[in-house]
Amino acid sequence: MEPNEWQKKKNNKTTEYTQRITSQARIAEEKLLSGLNESEVYDYMLSKLNFCQRKQMYSSLEAKVYVKVGDICFTDFGLAYLSEVGYQHFGLVLAMKHGKIFVVPMSGNSSAYHKAYDPVLRAGKRHLMRLPEIEGLNKSSVLFLNDAKWINSARVIDVKAHIDPNSYLFDKIKKCVLQMML
C-alpha cells in the first residue's frame, strides 16, 4: 500500500494493519539501505539509534548537554528528504523556548562554502552564508539559512563552539535568517 492509503487506514488501526505496515516499512528500509554507500548507511543508522535513545527526552538537559543561545552544536537532524539537512551536522542555536531550540544547520563542506553568497562580489547562493573562522571549529563553515528550524534540544549531541549573541556576527546571522524566511 502507498503511504497515503496507509494514512486513510490510520483511524482503523488493528494488529493486522500494524503488522502489515511494519513489514512493508522493513522491506522498504532494506531496499533503501542496499542502495546506500557505507558512509550513508552509517549516518542513517546512527540517526536511527539516536532517535531510539532520545525520543522520550524533553530536552538536552536529560542527556546532560547544556545548550545556550550562540552555541554551535553537533546535532542529529534525523532523516531528510532531498535538499534538506539531515543526519549529523553542526548547527548554530539562535533562540531557545520551552525545551526547543531554533537552529541553523551548518557544514564544513568546501563546495558549499565556495557557492555561498559573497556580499563583496554580490554573487553566490543567498541561502548559504559563509562564516569567518570560529574558535573550536576545524574548518571554514557555511550556514544553510533556508534549513533553519525549531527542534527538540535533545537532538544536540555535544556543544563544540560559541558565537557571542551580542556580537555583530550573531546579529547579522539573525537578520539573514529572517530575510530568508520572508
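Residues numbered from 1 in each chain as written. Predicted model: local features only at pLDDT ≥ 70, side-chain atom pairs only at ≥ 80, totals over all residues. Heavy atoms only, no water.

Concerning the overall build of the protein
- What the protein contains, in helices and strands, is five helices and eight strands.
- Starting at the N terminus and ending at the C terminus, the protein contains elements arranged as α-α-α-β-β-β-α-β-β-β-β-β-α.
- On the principal axes, the C-alpha backbone points of the protein span a range of 60 × 35 × 35 Å.
- Residue pairs at least 24 apart in sequence account for 61% of intrachain contacts in the protein once pairs closer than 6 positions are excluded.
- With the model as given, the accessible surface of the protein reaches about 12,300 Å², and the carbon-plus-sulfur share is 54%.
- Distance from the positive charge centre (26 side chains) to the negative charge centre (19 side chains) of the protein: 6 Å. (Helix = DSSP H or I, 4+ residues; strand = E, 2+ residues; numbered from the N terminus. Contact = heavy atoms within 4.5 Å. Areas by Shrake-Rupley, 256 points an atom, 1.4 Å probe, with all protein chains shown as cover. Lys, Arg positive; Asp, Glu negative; His and termini not counted. Charge placed at Lys NZ, Arg CZ, Asp CG, Glu CD.)

Concerning the packing of helix α2 (residues 15-34) against helix α3 (residues 38-54)
- Taken N-terminus to C-terminus, the directions of α2 and α3 make an angle of 140 degrees; their axes are 10 Å apart at the nearest point. α2 and α3 meet at a crossing whose hand is right-handed. From α2, Glu29, Leu32 and Leu33 reach across to α3, where they touch Val41, Tyr44, Met45 and Lys48.
- Residue composition of the contact of α2 with α3, grouped by class: five nonpolar, no polar and two charged. (Axes fitted to C-alpha atoms, helices over the stretch in contact; angles between N-to-C directions. Left-handed = near helix turned anticlockwise from the far one by under 90°. Nonpolar A, V, L, I, M, F, W, Y, C, P; charged D, E, K, R; others polar.)

Thoughts on the pairing of strand β2 (residues 88-97)
- Pairing analysis gives five bridges linking strand β1 (residues 71-76) to β2, with the strands arranged antiparallel. Residue pairing for β2: aspartate 76 is matched across the bridge by glutamine 88.
- Between β2 and strand β3 (residues 100-107), which pair antiparallel and follow one another directly, the connecting turn spans two residues, one of which, histidine 98, has a positive phi of 50 degrees. (Pairing = 2+ DSSP bridges.)

Examining the packing of aromatic side chains
- Tallied over the entire structure, the rule returns two aromatic pairs.
- For the cation-ring pair, arginine 126 lies above tyrosine 117, with the distance from its terminal atom to the ring centre recorded as 4.0 Å.
- For arginine 130, the ring lying beneath its charged end belongs to tyrosine 113, and the centroid distance is 5.2 Å. (Phe/Tyr/Trp six-rings, centres within 6.5 Å; stacked < 30°, edge-to-face > 60°. Lys NZ or Arg CZ within 6 Å of the ring centre and 35° of its normal.)

Topic: a nonpolar patch on the surface
- Residues Leu178, Met181 and Leu182 make up a contiguous nonpolar surface patch of roughly 390 Å² in combined accessible area.
- Among the secondary structure elements, methionine 181 is positioned in helix α5 (residues 168-181). (Patch = residues over 30% accessible without salt bridge, like charges linked within 9 Å, V, L, I, M, F, W, Y side chains within 5 Å. Salt bridge = Lys/Arg side-chain N within 4 Å of Asp/Glu carboxyl O.)

So, the pattern of salt bridges
- Throughout the structure, instances matching the rule amount to six salt bridges.
- For the salt bridge of glutamate 29 with lysine 48, the shortest nitrogen-to-oxygen distance reads 2.5 Å. Here lysine 48 lies in helix α3 and glutamate 29 lies in helix α2, a separation of 19 residues in the sequence.
- A residue is classified by how much of its surface remains accessible, and lysine 48, at 33% relative accessible area, is partly exposed.
- Between aspartate 171 and lysine 175 there is a salt bridge, and its shortest N-O distance comes to 3.2 Å. A residue pair is termed a helical-turn pair when its members lie 3 or 4 positions apart in one helix, as aspartate 171 and lysine 175 do in helix α5 at four residues. (Buried < 20%, exposed > 50% of the residue type's maximum accessible area, 1.4 Å probe, protein only.)

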